[in-house]
Amino acid sequence: MSGIERSVQNHYGAFGDREAILTALAKRGISAKGLTPAQLAPFDQFHTGGAVATQSMAEMLAPRPTDHILDVGCGMGGPARMLADLKGCRVTGLDLAPHFIENAIYFTDLTGQSGNVDFRQGSALALPFEDAVFDGAWHLHVSMNVPDKRAMYAELFRVLKAGTSMAIHDPVGGGTSEVAFPVPWAVTAESSFLCTRDDLLACLETSGFEISEVQDATAEGIAWFADVDANRRKLSVPNSVKASPRTPSLLEIMTKNHRANLEAGAVTIASILVRKPR
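Just so we're clear, the structure is a prediction, and the values are computed from it rather than from any experiment. (Residues numbered from 1 in each chain as written. Predicted model: local features only at pLDDT ≥ 70, side-chain atom pairs only at ≥ 80, totals over all residues. Heavy atoms only, no water.)

Visitor: Tell me what's going on with the overall build of the protein, and back it up with residues and numbers.
Guide: Counting secondary structure elements, the protein contains 10 helices and 7 strands. Its C-alpha atoms give the protein a radius of gyration of 18 Å, within 12% of the compact-globule value 19 Å for 278 residues. If you line up the protein on its principal axes, its C-alpha atoms span 65 × 45 × 35 Å. Counting only residues that meet the buried cut, the protein has 47% of its 278 residues in that class. For the protein, the share of sequence-separated contacts (at least 6 apart) that also reach a separation of at least 24 residues comes to 79%. When the accessible surface of the protein is totalled, it reaches about 13200 Å², and 53% of it is carbon and sulfur. Each charge sign in the protein was given a centre, from 25 positive and 31 negative side chains, and these centres are 6 Å apart. (Helix = DSSP H or I, 4+ residues; strand = E, 2+ residues; numbered from the N terminus. Rg over C-alpha atoms; globule rule 2.2 N^0.38 Å. Buried < 20%, exposed > 50% of the residue type's maximum accessible area, 1.4 Å probe, protein only. Contact = heavy atoms within 4.5 Å. Areas by Shrake-Rupley, 256 points an atom, 1.4 Å probe, with all protein chains shown as cover. Lys, Arg positive; Asp, Glu negative; His and termini not counted. Charge placed at Lys NZ, Arg CZ, Asp CG, Glu CD.)

Visitor: Could you give an account of the packing of aromatic side chains, with specific residues and numbers?
Guide: Applying the stated rule across the entire model yields 8 aromatic pairs. Pairing tyrosine 12 with phenylalanine 100 gives two aromatic rings, centres 6.2 Å apart and planes at 45°, and the pair type is tilted. Separated by 88 residues along the polypeptide, tyrosine 12 in the loop between helix 1 (3–11) and helix 2 (18–27) and phenylalanine 100 in helix 6 (residues 98–110) bring together distant segments of the chain. The class of tyrosine 12 is buried, set by a relative accessible area of 16%. Centre to centre, the rings of phenylalanine 157 and phenylalanine 209 are 5.2 Å apart; their planes meet at 80°, and the pair counts as edge-to-face. Residue phenylalanine 157 is located in helix 7 (residues 149–159), and its partner phenylalanine 209 is located in the loop between helix 8 (197–206) and strand 6 (210–216); the two are separated by 52 residues in the primary sequence. Here phenylalanine 157 falls in the partly exposed class, since its relative accessible area comes to 23%. (Phe/Tyr/Trp six-rings, centres within 6.5 Å; stacked < 30°, edge-to-face > 60°.)

Visitor: Just give me the short version of the packing of helix 2 against helix 6, but keep the residues and values in it.
Guide: Relative orientation and spacing of two packed helices are given, respectively, by the angle between their axes and the distance between those axes. Viewed as axis vectors pointing N to C, helix 2 and helix 6 meet at an angle of 30°, and their least axial separation amounts to 11 Å. Taken together, the axes of helix 2 and helix 6 lie roughly parallel to each other. Of helix 6, the residues touching helix 2 (which contributes Arg18, Ile21 and Leu22) are Glu102, Asn103, Tyr106, Phe107 and Leu110. Among the residues forming the contact of helix 2 with helix 6, the class breakdown is 5 nonpolar, 1 polar and 2 charged. (Axes fitted to C-alpha atoms, helices over the stretch in contact; angles between N-to-C directions. Parallel < 35°, antiparallel > 145°, perpendicular 65-115°, else oblique. Nonpolar A, V, L, I, M, F, W, Y, C, P; charged D, E, K, R; others polar.)

Visitor: Could you give an account of the pattern of salt bridges, naming the residues involved and the relevant values?
Guide: Pairing between side chains becomes possible if they bear opposite charge and their charged atoms approach one another. Within this structure, the stated rule accounts for 10 salt bridges. One salt bridge in this structure joins aspartate 118 and arginine 90, with 3.9 Å as the shortest N-O distance. Remark: arginine 90 occurs in strand 2 (residues 90–95) and aspartate 118 occurs in strand 3 (residues 117–121); sequence separation between them is 28 residues. Residue class for arginine 90 comes out partly exposed when judged on its relative accessible area of 41%. One salt bridge in this structure joins arginine 275 and glutamate 210, with 3.3 Å as the shortest N-O distance. You can see arginine 275 sitting in strand 7 (residues 267–275) and its partner glutamate 210 sitting in strand 6, a full 65 residues away along the chain. Of the residues examined, glutamate 210 reaches a relative accessible area of 38% and is grouped as partly exposed. Linked by salt bridges that have partners in common, Asp131, Glu155 and Arg158 make up one network. (Salt bridge = Lys/Arg side-chain N within 4 Å of Asp/Glu carboxyl O.)

Visitor: Run through helix 5 (residues 78–87), naming residues and quoting values.
Guide: Residue pairs three or four apart in sequence face the same way in an α-helix, which turns once every 3.6 residues. In terms of burial, helix 5 is largely enclosed, as 7 of its 10 residues are buried. Looking one or two residues past helix 5, glycine 88 carries a phi angle of roughly 70°, positive in sign.

Visitor: Requested: an account of the sheet that holds strand 6, with residues and values cited.
Guide: Spatially, 7 strands are ordered 3-2-1-4-5-7-6 in an open sheet, and the strand pairing comes out mixed. The open sheet has two edge strands with one neighbour each: strand 3 and strand 6. On average, adjacent strands in this sheet sit at an angle of 15° to one another, irrespective of strand direction. Of the pairings in the sheet, the one linking strand 1 (residues 68–72) to strand 4 (residues 134–140) comprises 3 bridges and is parallel in character. Considered in strand 4, the bridge of isoleucine 69 is made with glycine 136. The strands that helix 6 touches are strand 2 and strand 3; relative to strand 3, the one it contacts most, it runs at about 165°. (Pairing = 2+ DSSP bridges.)

Here it is as C-alpha coordinates:
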(Lines give C-alpha, C1' and ligand atoms only; values in the text may rest on other atoms or scores of the structure.)
Protein backbone atom coordinates (compact mmCIF):
# COMPACT_ATOMS: atom_id res chain seq x y z
CA MET A 1 0.00 0.00 0.00
CA SER A 2 1.35 3.43 -0.94
CA GLY A 3 1.70 6.28 1.53
CA ILE A 4 -1.15 8.14 -0.16
CA GLU A 5 -3.43 5.11 0.06
CA ARG A 6 -2.61 4.70 3.75
CA SER A 7 -3.42 8.38 4.28
CA VAL A 8 -6.78 7.95 2.51
CA GLN A 9 -7.53 4.87 4.60
CA ASN A 10 -6.76 6.79 7.79
CA HIS A 11 -8.83 9.78 6.67
CA TYR A 12 -12.01 7.70 6.39
CA GLY A 13 -11.40 5.94 9.70
CA ALA A 14 -13.79 8.32 11.47
CA PHE A 15 -16.62 7.65 9.02
CA GLY A 16 -19.24 4.93 9.38
CA ASP A 17 -19.61 4.23 13.11
CA ARG A 18 -21.67 1.02 13.15
CA GLU A 19 -23.05 1.44 16.67
CA ALA A 20 -24.00 5.06 16.01
CA ILE A 21 -25.94 3.97 12.92
CA LEU A 22 -27.76 1.22 14.82
CA THR A 23 -28.61 3.71 17.59
CA ALA A 24 -29.93 6.25 15.08
CA LEU A 25 -32.06 3.58 13.41
CA ALA A 26 -33.50 2.53 16.77
CA LYS A 27 -34.37 6.16 17.59
CA ARG A 28 -36.35 6.24 14.35
CA GLY A 29 -38.17 3.09 15.35
CA ILE A 30 -36.41 0.98 12.70
CA SER A 31 -35.51 -2.57 13.69
CA ALA A 32 -32.23 -4.10 12.53
CA LYS A 33 -34.26 -7.20 11.69
CA GLY A 34 -35.60 -6.92 8.14
CA LEU A 35 -33.58 -3.77 7.45
CA THR A 36 -33.86 -2.44 3.88
CA PRO A 37 -31.38 -0.49 1.69
CA ALA A 38 -33.81 2.45 1.70
CA GLN A 39 -33.89 2.55 5.52
CA LEU A 40 -30.09 2.53 5.65
CA ALA A 41 -29.72 5.20 2.95
CA PRO A 42 -29.40 8.23 5.29
CA PHE A 43 -26.37 6.55 6.90
CA ASP A 44 -24.50 4.58 4.21
CA GLN A 45 -24.48 6.81 1.12
CA PHE A 46 -21.25 8.81 1.49
CA HIS A 47 -21.54 10.99 -1.62
CA THR A 48 -23.21 14.19 -2.77
CA GLY A 49 -26.83 13.49 -3.61
CA GLY A 50 -27.13 10.46 -1.34
CA ALA A 51 -29.68 7.85 -2.36
CA VAL A 52 -31.16 10.15 -5.00
CA ALA A 53 -27.82 10.23 -6.82
CA THR A 54 -27.40 6.47 -6.41
CA GLN A 55 -30.78 5.87 -8.02
CA SER A 56 -29.93 8.24 -10.87
CA MET A 57 -26.62 6.48 -11.46
CA ALA A 58 -28.34 3.09 -11.41
CA GLU A 59 -30.55 4.29 -14.26
CA MET A 60 -27.52 5.62 -16.13
CA LEU A 61 -25.61 2.34 -15.83
CA ALA A 62 -28.78 0.27 -16.39
CA PRO A 63 -27.41 -3.19 -15.58
CA ARG A 64 -29.37 -6.34 -16.39
CA PRO A 65 -30.39 -8.79 -13.63
CA THR A 66 -27.79 -11.24 -14.97
CA ASP A 67 -24.93 -8.72 -14.77
CA HIS A 68 -22.08 -8.72 -12.27
CA ILE A 69 -21.12 -5.12 -11.40
CA LEU A 70 -17.99 -3.83 -9.65
CA ASP A 71 -18.37 -0.95 -7.17
CA VAL A 72 -14.94 0.65 -6.59
CA GLY A 73 -14.61 2.68 -3.39
CA CYS A 74 -17.78 1.07 -2.06
CA GLY A 75 -17.54 2.48 1.46
CA MET A 76 -20.03 0.72 3.74
CA GLY A 77 -21.79 -0.78 0.74
CA GLY A 78 -24.83 1.48 0.55
CA PRO A 79 -24.74 2.10 -3.21
CA ALA A 80 -23.90 -1.57 -3.89
CA ARG A 81 -26.89 -2.76 -1.87
CA MET A 82 -29.19 -0.20 -3.47
CA LEU A 83 -28.03 -1.07 -7.00
CA ALA A 84 -28.64 -4.78 -6.37
CA ASP A 85 -32.04 -3.98 -4.86
CA LEU A 86 -33.11 -1.73 -7.73
CA LYS A 87 -31.76 -3.77 -10.65
CA GLY A 88 -31.57 -7.32 -9.33
CA CYS A 89 -27.93 -7.66 -10.40
CA ARG A 90 -24.96 -9.09 -8.54
CA VAL A 91 -22.57 -6.49 -7.09
CA THR A 92 -19.04 -6.81 -5.73
CA GLY A 93 -17.77 -3.85 -3.72
CA LEU A 94 -14.12 -3.00 -3.14
CA ASP A 95 -12.65 -0.48 -0.70
CA LEU A 96 -9.28 0.37 0.85
CA ALA A 97 -10.62 0.71 4.39
CA PRO A 98 -10.98 -2.58 6.31
CA HIS A 99 -13.60 -1.12 8.70
CA PHE A 100 -15.76 -0.11 5.72
CA ILE A 101 -15.63 -3.66 4.38
CA GLU A 102 -16.42 -5.15 7.80
CA ASN A 103 -19.43 -2.86 8.15
CA ALA A 104 -20.50 -3.45 4.55
CA ILE A 105 -20.63 -7.19 5.18
CA TYR A 106 -22.43 -6.69 8.52
CA PHE A 107 -25.19 -4.48 7.09
CA THR A 108 -25.55 -6.63 3.97
CA ASP A 109 -26.25 -9.59 6.24
CA LEU A 110 -28.95 -7.51 7.96
CA THR A 111 -30.60 -6.60 4.64
CA GLY A 112 -30.53 -10.24 3.54
CA GLN A 113 -28.50 -9.49 0.40
CA SER A 114 -25.38 -11.57 1.05
CA GLY A 115 -26.33 -13.91 -1.76
CA ASN A 116 -25.79 -11.31 -4.47
CA VAL A 117 -23.73 -8.53 -2.82
CA ASP A 118 -20.19 -9.26 -1.62
CA PHE A 119 -17.15 -7.21 -0.67
CA ARG A 120 -13.35 -7.27 -0.93
CA GLN A 121 -10.74 -5.10 0.73
CA GLY A 122 -8.16 -3.82 -1.75
CA SER A 123 -6.76 -1.05 -3.92
CA ALA A 124 -8.29 0.41 -7.07
CA LEU A 125 -4.75 0.63 -8.43
CA ALA A 126 -4.28 -3.15 -8.26
CA LEU A 127 -7.72 -4.74 -8.53
CA PRO A 128 -7.74 -8.30 -7.12
CA PHE A 129 -9.69 -9.70 -10.07
CA GLU A 130 -8.98 -11.52 -13.33
CA ASP A 131 -9.19 -9.80 -16.72
CA ALA A 132 -12.60 -9.18 -18.32
CA VAL A 133 -14.78 -10.61 -15.54
CA PHE A 134 -17.29 -7.79 -14.88
CA ASP A 135 -20.37 -6.78 -16.89
CA GLY A 136 -20.11 -3.18 -15.69
CA ALA A 137 -18.65 -0.96 -12.99
CA TRP A 138 -19.18 2.30 -11.19
CA HIS A 139 -17.58 4.56 -8.65
CA LEU A 140 -19.21 7.33 -6.64
CA HIS A 141 -16.84 9.98 -5.24
CA VAL A 142 -13.52 8.21 -5.66
CA SER A 143 -11.23 9.94 -8.19
CA MET A 144 -10.66 12.97 -5.95
CA ASN A 145 -8.72 10.64 -3.62
CA VAL A 146 -6.59 9.13 -6.40
CA PRO A 147 -3.57 11.03 -7.77
CA ASP A 148 -2.75 8.34 -10.37
CA LYS A 149 -6.10 8.23 -12.14
CA ARG A 150 -4.64 6.63 -15.26
CA ALA A 151 -3.51 3.63 -13.22
CA MET A 152 -6.98 3.27 -11.70
CA TYR A 153 -8.77 3.48 -15.03
CA ALA A 154 -6.30 1.11 -16.67
CA GLU A 155 -7.22 -1.42 -13.99
CA LEU A 156 -10.94 -0.83 -14.44
CA PHE A 157 -10.57 -1.17 -18.21
CA ARG A 158 -8.74 -4.47 -17.66
CA VAL A 159 -11.40 -6.13 -15.49
CA LEU A 160 -14.39 -5.07 -17.63
CA LYS A 161 -15.70 -7.22 -20.44
CA ALA A 162 -15.60 -5.70 -23.94
CA GLY A 163 -18.73 -3.73 -24.78
CA THR A 164 -19.67 -3.00 -21.16
CA SER A 165 -20.11 0.33 -19.38
CA MET A 166 -18.86 2.18 -16.32
CA ALA A 167 -20.67 5.02 -14.53
CA ILE A 168 -18.90 7.75 -12.53
CA HIS A 169 -20.36 10.29 -10.09
CA ASP A 170 -17.51 12.44 -8.80
CA PRO A 171 -16.65 15.94 -7.62
CA VAL A 172 -14.35 17.81 -9.99
CA GLY A 173 -12.75 21.24 -9.92
CA GLY A 174 -15.05 24.04 -11.00
CA GLY A 175 -12.36 26.66 -11.36
CA THR A 176 -14.41 29.70 -10.37
CA SER A 177 -12.73 30.14 -6.97
CA GLU A 178 -10.38 28.45 -4.53
CA VAL A 179 -11.68 25.32 -2.83
CA ALA A 180 -12.31 25.83 0.89
CA PHE A 181 -10.87 23.05 3.08
CA PRO A 182 -11.45 20.79 4.93
CA VAL A 183 -13.92 18.85 2.78
CA PRO A 184 -15.28 15.31 3.23
CA TRP A 185 -12.50 13.72 1.15
CA ALA A 186 -9.51 15.81 2.35
CA VAL A 187 -8.48 17.97 5.25
CA THR A 188 -6.03 20.06 3.19
CA ALA A 189 -5.38 20.86 -0.46
CA GLU A 190 -2.27 18.64 -0.37
CA SER A 191 -4.42 15.55 0.23
CA SER A 192 -7.04 16.43 -2.40
CA PHE A 193 -6.61 15.27 -6.00
CA LEU A 194 -9.47 17.03 -7.74
CA CYS A 195 -9.10 17.45 -11.47
CA THR A 196 -11.31 19.28 -13.95
CA ARG A 197 -14.09 17.44 -15.75
CA ASP A 198 -12.25 17.85 -19.06
CA ASP A 199 -9.09 16.34 -17.58
CA LEU A 200 -11.08 13.44 -16.17
CA LEU A 201 -12.68 12.78 -19.56
CA ALA A 202 -9.28 12.95 -21.26
CA CYS A 203 -7.87 10.48 -18.74
CA LEU A 204 -10.74 8.06 -19.42
CA GLU A 205 -10.19 8.29 -23.16
CA THR A 206 -6.45 7.78 -22.79
CA SER A 207 -7.25 4.63 -20.81
CA GLY A 208 -9.23 3.28 -23.76
CA PHE A 209 -12.80 4.16 -22.80
CA GLU A 210 -15.34 5.75 -25.14
CA ILE A 211 -17.41 8.58 -23.64
CA SER A 212 -21.13 7.77 -23.85
CA GLU A 213 -22.76 10.46 -21.68
CA VAL A 214 -21.73 13.46 -19.57
CA GLN A 215 -24.00 15.31 -17.15
CA ASP A 216 -23.50 18.13 -14.67
CA ALA A 217 -25.16 17.01 -11.42
CA THR A 218 -24.15 20.06 -9.36
CA ALA A 219 -27.64 21.56 -9.14
CA GLU A 220 -29.04 18.24 -7.97
CA GLY A 221 -26.34 18.07 -5.31
CA ILE A 222 -27.13 21.56 -4.02
CA ALA A 223 -30.85 20.73 -3.91
CA TRP A 224 -30.07 17.55 -1.98
CA PHE A 225 -28.20 19.55 0.66
CA ALA A 226 -31.28 21.76 1.06
CA ASP A 227 -33.49 18.68 1.50
CA VAL A 228 -31.11 17.24 4.10
CA ASP A 229 -31.27 20.52 6.03
CA ALA A 230 -35.07 20.54 5.89
CA ASN A 231 -35.29 16.97 7.16
CA ARG A 232 -32.80 17.70 9.94
CA ARG A 233 -34.91 20.63 11.12
CA LYS A 234 -37.94 18.33 11.36
CA LEU A 235 -35.99 16.04 13.67
CA SER A 236 -34.35 18.82 15.71
CA VAL A 237 -35.12 19.85 19.28
CA PRO A 238 -38.19 22.16 19.49
CA ASN A 239 -37.47 25.89 19.74
CA SER A 240 -38.94 25.92 23.25
CA VAL A 241 -36.05 23.72 24.40
CA LYS A 242 -32.80 25.68 24.48
CA ALA A 243 -29.83 23.55 23.50
CA SER A 244 -26.39 24.29 24.92
CA PRO A 245 -23.99 25.76 22.38
CA ARG A 246 -21.42 23.29 21.06
CA THR A 247 -18.41 23.26 18.77
CA PRO A 248 -19.18 21.83 15.31
CA SER A 249 -17.55 18.48 14.57
CA LEU A 250 -14.91 18.18 11.86
CA LEU A 251 -17.39 16.28 9.67
CA GLU A 252 -19.92 19.09 10.03
CA ILE A 253 -17.28 21.64 8.99
CA MET A 254 -16.28 19.45 6.03
CA THR A 255 -19.89 19.13 4.90
CA LYS A 256 -20.53 22.88 5.26
CA ASN A 257 -17.44 23.67 3.18
CA HIS A 258 -18.36 21.15 0.50
CA ARG A 259 -21.81 22.69 0.13
CA ALA A 260 -20.31 26.19 -0.02
CA ASN A 261 -17.79 25.06 -2.65
CA LEU A 262 -20.62 23.69 -4.81
CA GLU A 263 -22.66 26.86 -4.45
CA ALA A 264 -19.61 29.01 -5.31
CA GLY A 265 -18.70 26.90 -8.33
CA ALA A 266 -15.31 25.94 -6.89
CA VAL A 267 -16.41 22.29 -7.10
CA THR A 268 -18.92 20.70 -9.46
CA ILE A 269 -20.36 17.19 -9.67
CA ALA A 270 -19.84 15.22 -12.88
CA SER A 271 -21.92 12.17 -13.83
CA ILE A 272 -20.24 10.27 -16.64
CA LEU A 273 -21.00 7.07 -18.53
CA VAL A 274 -18.19 5.43 -20.49
CA ARG A 275 -17.90 2.23 -22.50
CA LYS A 276 -15.14 -0.29 -23.13
CA PRO A 277 -15.14 -0.87 -26.92
CA ARG A 278 -15.82 -4.31 -28.34
